[in-house]
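# Per-entry structural report
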Amino acid sequence: MAWRVFLLLLFPASLTAQDLPAYVYTPSSLSVVDTTGTPYLFPFLGGLYQPKPQFLDTDGDGDLDLLLQRGTSDLLHFERTGPSVSDWQLTTLRFASVDPGFWFRLGDLDGDGDQDLVGSGREGFANGLVRVYDNIGSDSQPDFAQGRLARVAGTDQPLQPAFSYPELADLDCDGIDDLFWAEPSQGGLTYYQNRGQDKDGRPQFELVSEAFGDFVIFVQDKTEQHGFGSARLFDSTGDGLLDLFWGDEFAAGLFEFTNIGSCTSPAFDVPEDERAFVRLPEQDPIATSGFNVPEWADIDLDGDLDLLVGVQSGFTAVRTPDGTDNLQLFLNNEGRLRLETSQLLPSIDVGEDAVPGVVGLAPDGRATWALANRTRRQGDRSAIQLFHPTSAGYELADADFLGELNLGFDLAIASADLDADGDRDLLIGEFEGTLNFVENENGTFRLRDPAFQQIDVGNGSAPALGDLDGDGDLDLLVGSSRGTVQHFEQTSNGFALRTEKFLDLDLGDRTVPSIGRLNEDQWPDLLIGSTDTLIAFLGTSTGWKPSPWPAGSPLGLDLLASGVFPALAPVRSETQSRDDILAGLPYGGVMLFEPSSRAVSTDPALPEAQRLFFAAYPNPTGRELHVETSTQLRLTLYDVLGRRVDQWLMERFRIELQLNVPPGLYFLHGEAKDGKQQTISFVVGSS
């Protein structure tokens, strides 16, 4: 399950609003160029691992905007701002306040002419179930109602599309879209006909066939090996019939199967011999890591259909160096498709599970920083990208930094002057749980000790260096895949272990700490990220105070649907008194959060125009919480580790929430359709 990041108070502490630092997300505030000097369009987008695209004119201006889901996150929305294929503007990380789950698709399910949304939700096994979000607005002003589980017609059995990404299309020409998916074990097309809603308003779909058309699509000589797939239905020829486009987990290409039937009796021309399959583009077929998801649209606005392909990274022999050539645009030129770009939305991206770290400081005080990934697409080690500050921003100085050292994978970088020679050396954690000491010799980095101080945290070591106690010596924090952080203090004989469970933290999975300045006092602060959550601790003269950054705050990290691996560093300016946050994401990229002058708290500290007021009582409570408001809300319940526990859509002025949760401190976040937000804390006692 993927969790929405939420920075919360872990235990009671006397914090005022002035104590709480505010940050804002700035996707393009700094210019960053690649090794060729070409600027990234969205340098701090956060990566585009497994992108799933679909086009829709969401603002009614006559051109198609882009909805994009990366991994299993919420929907990113890019507005089309001009005629060029690079004219896009990021407007939101969570389109229409909908969490689609593991996948999404738009289609007209009720025949009212606008596009409804179908997603998996977060329930069920593997790829989730099927949840329908009815569009009660319009395409140009979409407004999606609360999702409802779709069921097999006439039963209470929920639909479960197994290991594929479903499609919505009107294959039977009745004016409403039906549901399809690539059947993963048999290699056929599963077809469920849309039967509207039952008497309780639940979407109903009737199984037509698990092998529609009696064809089988297997690759690799029709072996038993098979898996995920994407089936897309689209009229690419203009004959009024929907053709089938198939991206297979075990195929590097994209297959086209022409509809040779009729509107009421479709039939796809699927050759028995795989070698006769039509691969797109025909003159130069796509060759990726597999599981290609196609989307057709007139992207260059010249009147014909172009092709956008989101690469999900399947299991083929074809690999790109870092897995980032995964949003490929093919433009139609007089009937021939040619590759225009393999990265429609170029951004800093190392493929998957990005972990940033400071390598050094430039003469002007700005950080030189690196970004490592889980593993390269070729070989068994991480790829590390190194970024140097320039007069205009940053440049990718080395796309394979330290590659010659063969350091392994799951790398995490920290730096400090460890040998007292005046420059910053590197400690690099890795999957095996040890630390690599990489010495800086006048700008040349050499591996001196692959098992520094014999420190071993088990797996997934992630170091952070800084003076935590103000004694002038370095402290070393090392996160691990166990979810804990170990604390070592520098002595005359090296680093000595002080505790195996720093601050008594247990975050359950891979943990990455960072030391820096979140506010403007004299004490160092901590930002600790894990696969599931992100927690800040403000340093004081007497210890550490956890800092609540509520959902909807200017920090914006609550918009992410998975964990964050952070690094605190001076990125924008050499004179800044608070560090920026480089947030590495599972999607392969990094997001930049800049300090804001406005403080936030768990009480409404938003401007009046953004405030929302709702009441929840009693507090403390047992198993029922009464909520009152004057508007429709999406309510989300979080525990003290920032993990999402439950979610409701509040359509009435007053509701009773049934809380099936252990006793403890919880946070209820409300968000209205107009963007107004509020977070309330309350205690659940033992019943």
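Residues numbered from 1 in each chain as written. Predicted model: local features only at pLDDT ≥ 70, side-chain atom pairs only at ≥ 80, totals over all residues. Heavy atoms only, no water.

Turning our attention to the overall build of the chain. When you go through the chain residue by residue, the secondary structure sums to zero helices and 50 strands. Expressed as a percentage of its 687 residues, the buried residues of the chain come to 59%. Working note: accessible area of the chain is about 26,300 Å², and carbon and sulfur atoms make up 47% of it. (Helix = DSSP H or I, 4+ residues; strand = E, 2+ residues; numbered from the N terminus. Buried < 20%, exposed > 50% of the residue type's maximum accessible area, 1.4 Å probe, protein only. Areas by Shrake-Rupley, 256 points an atom, 1.4 Å probe, with all protein chains shown as cover.)

The next subject is the pairing of strand β36 (residues 494-499). In terms of strand pairing, strand β35 (residues 485-491) meets β36 through five bridges, oriented antiparallel. Bridge pairing in β36 links F488 to L497. Where β35 folds back on β36, the antiparallel hairpin that results is connected by two residues. (Pairing = 2+ DSSP bridges.)

What follows deals with the state of the cysteines. Considering all chains together, one arrives at one disulfide under this definition. Two residues, C173 and C263, share a disulfide whose sulfurs are 1.3 Å apart. Its S-S torsion of approximately -105° makes the covalent link between C173 and C263 left-handed. In this pair, C173 sits in the loop between β13 (167-169) and β14 (178-182) while C263 sits in the loop between β19 (255-257) and β20 (278-279), placing the two residues 90 residues apart along the sequence. (Disulfide = S-S within 2.5 Å.)

Counted by the stated rule, this structure contains 23 aromatic pairs. Between the aromatic rings of F44 and W369, the centroid separation amounts to 6.4 Å while the plane-to-plane angle is 35°, which identifies the pairing as tilted. Residue F44 is located in the loop between β2 (31-33) and β3 (51-56), and its partner W369 is located in strand β26 (residues 367-372); the two are separated by 325 residues in the primary sequence. By relative accessible area, which is 0% here, F44 ends up buried. Ring geometry for F257 against F277: centres 5.1 Å apart, planes inclined by 90°, an arrangement best described as edge-to-face. (Phe/Tyr/Trp six-rings, centres within 6.5 Å; stacked < 30°, edge-to-face > 60°.)

Tracing the sequence through the fold places E430 in the loop between β30 (425-429) and β31 (435-441). When neighbours within four sequence positions are excluded, E430 is seen to be in contact with L407, G408, F409, D410, L411, N436, N459, G460 and S461. (Contact = heavy atoms within 4.5 Å.)

The strands making up a sheet associate through backbone hydrogen bonding, with each pair oriented either parallel or antiparallel. The five strands are arranged β11-β16-β15-β14-β13 in an open sheet whose pairing can be described as mixed. Each having just a single partner strand, β11 (151-152) and β13 make up the two edges of the open sheet. Here strand β15 (residues 189-197) pairs with strand β16 (residues 203-209) via five bridges, running antiparallel. Bridge assignment links Y192 to a residue of β16, and that residue is L207.

Across soluble globular proteins, you tend to see nonpolar side chains buried next to one another. Ranked by internal contacts, the top residues of the largest apolar core, which has 36 residues, are F78 and L345. Those elements giving two or more residues to this core turn out to be β1 (22-25), β4 (65-70), β5 (75-80), β6 (88-92), β23 (327-333), β39 (534-540), β42 (580-584) and β43 (590-596). Non-local contacts of F78, meaning those with residues more than four positions away in its chain, are made with F42, L45, D65, L66, L68, W88, Q89, L90 and L345. (Core = buried A, V, L, I, M, F, W, Y, C linked by side-chain atoms within 4.5 Å.)

Where burial is concerned, most of strand β21 (residues 292-297) is hidden: six out of the six residues are buried. Burial along β21 is two-sided: the face carrying N292, P294 and W296 and the face carrying V293, E295 and A297 are both buried. Alignment of β21 against strand β22 (residues 306-311), held across six bridges, turns out to be antiparallel. Among the inter-strand pairings, N292 is bridged to a residue of β22, identified as V311.

Attention shifts here to the sheet that holds strand β9 (residues 131-133). With antiparallel pairing, four strands are arranged side by side in an open sheet as β7-β8-β9-β10. Of all the strands in the sheet, just β7 (104-107) and β10 (148-149) have a single pairing partner and so form its edges. The pairing of β9 with β10 spans two bridges and is antiparallel. Its bridge partner lying in β10, R131 is registered against L149.

Glancing now at unusual backbone geometry. The linkage connecting L280 with the following residue, P281, adopts the cis geometry, with an omega of -20°. As for its placement among the helices and strands, P281 is situated in the loop between β20 and β21. One non-glycine residue, E334, lies in the positive phi region at around 55°. Inspection of the secondary structure assignment puts E334 in the loop between β23 and β24 (336-341). A relative accessible area of 78% means that E334 is categorised as exposed.

All right, on to the environment of H487 then. In this structure, H487 sits in strand β35. What makes H487 buried here is its relative accessible area of 13%. Counting along the chain gives 24 residues from H487 to P463, while the straight-line C-alpha distance between them is 9.8 Å. In contact with H487, other than residues within four places in its own chain, are L468, D475, L476, L477, A496, L497, R498, T499 and F502.

For the chain, the average pLDDT comes to 84, and 86% of its residues sit at 70 or higher. Across the chain, element-level confidence peaks in strand β34 (residues 475-479) with a mean pLDDT of 98 and bottoms out in strand β44 (residues 615-617) with 75. Of the regions scoring below 50 in pLDDT, residues 548-559 engages in 60 contacts with residues more than four places distant in sequence or in other chains. (pLDDT = per-residue confidence, 0-100.)

What follows deals with the side chain of R105. Inspection of the secondary structure assignment puts R105 in strand β7. Given a relative accessible area of 7%, R105 falls into the buried group. Of note is the side chain of R105, whose polar atom sits 3.3 Å from the side chain of Q54. Apart from residues lying up to four places away in sequence, R105 is in contact with P53, Q54, D116, L117, V118, P166, E167, L168, R232 and E295. (Polar contact = N/O pair within 3.5 Å; in protein donor to acceptor, adjacent residues only side chain to side chain.)

Counted according to the given criterion, the structure contains 15 salt bridges. One salt bridge connects R498 with E489, and the closest N-O pair in it is separated by 2.9 Å. Linked through salt bridges whose partners overlap, the residues forming this network are E439, E441, R446 and R448. (Salt bridge = Lys/Arg side-chain N within 4 Å of Asp/Glu carboxyl O.)

Relative to the helices and strands, D116 is located in strand β8 (residues 116-119). One buried charge, D116, has no salt-bridge partner; the nearest side chain with opposite charge is R148, at 7.3 Å. In terms of polar contacts, D116 uses its side chain to reach the backbone amide nitrogen of L109, at 3.0 Å. In this view, D116 contacts R105, L106, G107, D108, L109, D110, Y133, D134, N135 and F144; residues no more than four positions away in its chain are not counted. (Lys, Arg positive; Asp, Glu negative; His and termini not counted.)

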